Amino acid sequence: MYGVMLAFGTWFRGSWALAVHASVMATLLGWPFVAVIFVPMALEFFLRAKLTKVLSWGFSALTLFLVPMIAVDYYYFRRILVAPLNILIYNVFSGSGSEKYGIEEWPFYFKNGFLNLNFVFFLAFSSFLWGVVGILMGKGKFRIQGPFVLLKLMPLYIWFLIMQIQPHKEERFLYPIYPLFCFAGALSLSIFAGLLQHFFLVPSQIKFSSKSIEKEKRSNFKRKGWENSRVLVGVVVLVCVVVAVVSVSRTTSLLINYRAPLLLYSDFYHLSSISQQNSSVNLCVGKEWYRFPSNFFLPDLGKFSPKFQFLRSEFRGLLPRHYDSSPSATWIIPPHMNDQNLEELSRYVDVSECDYIVDQDDEKQREERYAVDEESWKVVGWYPFLDSESSPSPHRAFWVPFVSATKNKFNRYVLLQSTRSRKL
């Protein structure tokens, strides 16, 4: 996303050489699929710049980023490879589709787009139409005009269409074009404000019929123009305020409803009982495996550091495995892996091996409810976590003071400590 933002920012400012380098950086060091976003950019460069110059920029960028990347990868993997090419081969040419990772219906990206960008999402989607209207009717009244404006809007639509037709959808797949949503939304608002001013608020031509009343009419026109400009500013400010308020509401909702995992793992990090152990402990998760933030939330106690382990749940896909600690860990091919998202039973430990468990205690869950087994587990800490199935959609998505708290339902997100003594 940051590479895309840098590339488009330099493109818009006319720093085309930097734009090419940023594009190559985003493709090679970020995500190779974003290369399709830069096709309209490349088209403008080939149309408006010398071919030799554009090719020299591309060669310079490849030399700057690809050569060091291959060298670093060779040091760690002990073989020559191009990682972005491997990603393309696996995801595009391997013959196995993305369906094995889950399927979402077509409204998925529209719902998530509105949740994350609210009305900016719709402004951005209408930007191509506003651009056409601005070009045809603006008559020189807009700072950004011409067919190349539409070319700069095309990457948003290209990426969204490609992601939309994929059966497997994830919110993170829209991250690369979030800066483009903001740009397109701002452009739509700017063109709308310009059209509003040009056609409705301030007349483009005024003819005064008599010199005797010219001074008075000019004074009235200036006053009316000042009043109209305040209306125009008011409309723009109103749109910005509405977007800001809805954004704050969404952010607050996320903080209140979903912050429990971060708070709970932070508490685990500071547990004094862990640092007093003379051996490492196992921190286990079942169905909540995907909400584990990172190993940075596990205290570093050397050889006594806690180990993150998995309990088997309803999930039947491939879970991550621990990195090998040997010197050759970066270039060996680890066992018990597959490229079909098939479950590997070697990932799991038995619950008797767990010293701590992090779980969301939901009375509707099909997995074992460890939190209600008071003989085996004691609650060390817990925080409320939204029960999305039992909470109405508007209130769980956006926070409304004094209302959301009464409408939403919460489960306990618990940290449990074993009451059994485990042989260490």
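For the structure, check the block above.
Read on for an overview of the structure. This structure is a prediction, so every number in the text was calculated from the model and none was measured. (Residues numbered from 1 in each chain as written. Predicted model: local features only at pLDDT ≥ 70, side-chain atom pairs only at ≥ 80, totals over all residues. Heavy atoms only, no water.)

Topic: the pattern of salt bridges
Put simply, the test is: The term salt bridge refers to a side-chain nitrogen of Lys or Arg lying within 4 Å of a carboxyl oxygen of Asp or Glu. Secondary structure follows DSSP: runs of H or I at least 4 residues long count as helices, runs of E at least 2 residues long count as strands, and numbering of each begins at the N terminus. Under the scheme applied here, a residue whose accessible area is under 20% of the maximum for its type counts as buried, over 50% as exposed, and between as partly exposed, the area being computed with a 1.4 Å probe on protein chains only.
A complete count under the given rule lists 11 salt bridges for this structure. Of the charged contacts in the structure, one is a salt bridge between Lys364 and Asp387, with a shortest N-O distance of 2.7 Å. Residue Lys364 is located in the loop between strand 3 (356-361) and strand 4 (377-386), and its partner Asp387 is located in the loop between strand 4 and helix 14 (393-397); the two are separated by 23 residues in the primary sequence. We classify Asp387 as buried; its relative accessible area is 7%. Salt bridges linked by common partners bring Glu44, Arg48 and Lys152 together as one network.

Examining the packing of aromatic side chains
Which entries qualify depends on this criterion: Each aromatic pair joins two rings of Phe, Tyr and Trp (for Trp, the six-membered one) with centres within 6.5 Å, and gets the label stacked for planes under 30 degrees apart, edge-to-face for over 60, and tilted for any other angle. Whether a charge sits over a ring depends on NZ of Lys or CZ of Arg being within 6 Å of the ring centre and within 35 degrees of the ring normal.
This model, assessed by the stated rule, comprises 41 aromatic pairs. With centroids separated by 6.1 Å and ring planes inclined at 85°, the aromatic side chains of Phe128 and Tyr157 adopt a geometry described as edge-to-face. With Phe128 in helix 8 (residues 127-137) and Tyr157 in helix 9 (residues 147-164), this residue pair connects regions lying 29 residues apart in the sequence. Taking NZ or CZ as reference, Arg48 lies 4.3 Å from the ring centre of Phe148, over its face.

Focus on the packing of helix 1 (residues 2-12) against helix 3 (residues 39-48)
Operational definition: All axes here are fitted lines through C-alpha atoms, helices being fitted over the stretch that makes contact, and every angle between N-to-C directions spans 0 to 180 degrees. Note on terminology: angles under 35 degrees are roughly parallel, angles over 145 are roughly antiparallel, angles of 65 to 115 are roughly perpendicular, and the others are oblique. Each crossing gets its handedness from the near helix: less than a right angle anticlockwise from the far helix is left-handed, clockwise is right-handed. Any two residues whose heavy atoms approach within 4.5 Å are treated as being in contact. Lys, Arg, Asp and Glu make up the charged group, whereas Ala, Val, Leu, Ile, Met, Phe, Trp, Tyr, Cys and Pro make up the nonpolar group; the residues left over, Gly among them, are polar.
The geometry of helix 1 relative to helix 3 is characterised by a closest axis approach of 12 Å and an angle of 30° between their N-to-C directions. Looking at the two axes, helix 1 sits roughly parallel to helix 3. Note on packing geometry: the crossing formed by helix 1 with helix 3 is left-handed. Seen from helix 1, the contacting residues are Ala7, Phe8 and Trp11; seen from helix 3, they are Pro40, Met41, Glu44 and Phe45. Partitioning the contact of helix 1 with helix 3 into residue classes produces six nonpolar, no polar and one charged.

Thoughts on the packing of helix 3 against helix 9
Between helix 3 and helix 9, whose axes approach to 8 Å, the crossing angle comes to 155°. One finds that helix 3 runs roughly antiparallel with respect to helix 9. Counting all contacts with helix 3, which are made through Pro40, Leu43, Glu44 and Arg48, the residues of helix 9 involved are Phe148, Leu151, Lys152, Met154, Pro155 and Ile158. Classifying every residue of the contact of helix 3 with helix 9 by side-chain character gives seven nonpolar, no polar and three charged.

Nothing here speaks to function; it is geometry throughout.
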